[in-house]
Amino acid sequence: MSVQVIIEQKLQAGLAVEHMDIENESHMHSGPATDSHFKLTLVSDDFTGKRLVQRHQLIYGLLAAELQSPVHALAMHLYTAEEWQKRAAPAPLSPNCRGGE
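Computed from a predicted model, the values in this text were never measured in an experiment.

> Would you mind going over the sheet that holds strand 3 (residues 73-79) in detail, with residue names and values included?
Strand order across the open sheet formed by three strands is 1-2-3, with mixed pairing between neighbours. For this open sheet the edge positions go to strand 1 (17-24) and strand 3, each flanked by a neighbour on one side alone. Put simply, the sheet's adjacent strands are angled 15° from each other on average, direction ignored. Summarising the sheet, strand 2 (residues 37-44) and strand 3 pair through seven bridges and their orientation is parallel. By the bridge assignment for strand 3, V43 is matched with Y79. Along the sheet face, helix 1 (residues 3-14) touches strand 1 and strand 2 and points at about 160° away from the line of strand 1. The sheet contacts of helix 2 (residues 52-62) involve strand 2 and strand 3, and relative to strand 3 the element is tilted by about 125°.

> Pulling in residues and values, what's your account of the nonpolar core?
Core analysis: the biggest nonpolar cluster contains 16 residues, and I7, L11, L40, L42, I59 and L74 have the highest contact counts within it. Counting residues per element, the ones that place at least two in this core are helix 1, strand 1, strand 2 and strand 3. With sequence-adjacent residues up to four places away left out, L42 is seen in contact with L15, V17, H19, M20, F47, I59, H77, L78 and Y79.

> Outline the pattern of salt bridges, listing residues and values.
Here the structure, examined in full by the defined rule, presents four salt bridges. With its nearest N and O atoms 2.9 Å apart, the salt bridge here joins E66 to K10. Taken together, the residues E66 in helix 3 (residues 64-68) and K10 in helix 1 connect sequence positions 56 residues apart. For K10, a relative accessible area of 31% translates into the label partly exposed. K39 serves as the salt-bridge partner of E23, at 3.9 Å between the closest nitrogen and oxygen. Residue E23 is located in strand 1, and its partner K39 is located in strand 2; the two are separated by 16 residues in the primary sequence. Among the residues examined, E23 registers a relative accessible area of 32% and is labelled partly exposed.

Reading the values: the criteria
- Residues numbered from 1 in each chain as written.
- Predicted model: local features only at pLDDT ≥ 70, side-chain atom pairs only at ≥ 80, totals over all residues.
- Heavy atoms only, no water.
- Pairing = 2+ DSSP bridges.
- Helix = DSSP H or I, 4+ residues; strand = E, 2+ residues; numbered from the N terminus.
- Axes fitted to C-alpha atoms, helices over the stretch in contact; angles between N-to-C directions.
- Contact = heavy atoms within 4.5 Å.
- Core = buried A, V, L, I, M, F, W, Y, C linked by side-chain atoms within 4.5 Å.
- Buried < 20%, exposed > 50% of the residue type's maximum accessible area, 1.4 Å probe, protein only.
- Salt bridge = Lys/Arg side-chain N within 4 Å of Asp/Glu carboxyl O.

It is worth stressing that arrangement in space is one thing and function is another; only the former is reported here.
Dropping the structure here:
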């Protein structure tokens with residue numbers, strides 16, 4: 001099972017997901033890893049009343065094993081349904097990798 005599928009399953013099991021997009025961005029980074037860099041856009045009303053750091057901590061808790069290894073980087077864009085509707089735009093683009101050869 002791919003790392004991306006494991007991430008999706010864990011998040012869907014742990015949160016009331018209204019929208020989720022996980023993009024494998026490993027190809028944008030140097031090195032041989034193929035399942036190491038991801039961008040997550042997640043909409044859930046479980047984020048209501050939570051500050052950004054609390055939202056991130058919730059995701060870190062659900063994905064603790066994957067963040068130990070093999071995931072090296074996880075860009076997170078976390079919204080409530082209301083925030084997502086007001087945004088009316090996709091998640092920000094990720095920057096190009098600056099490290100390694």
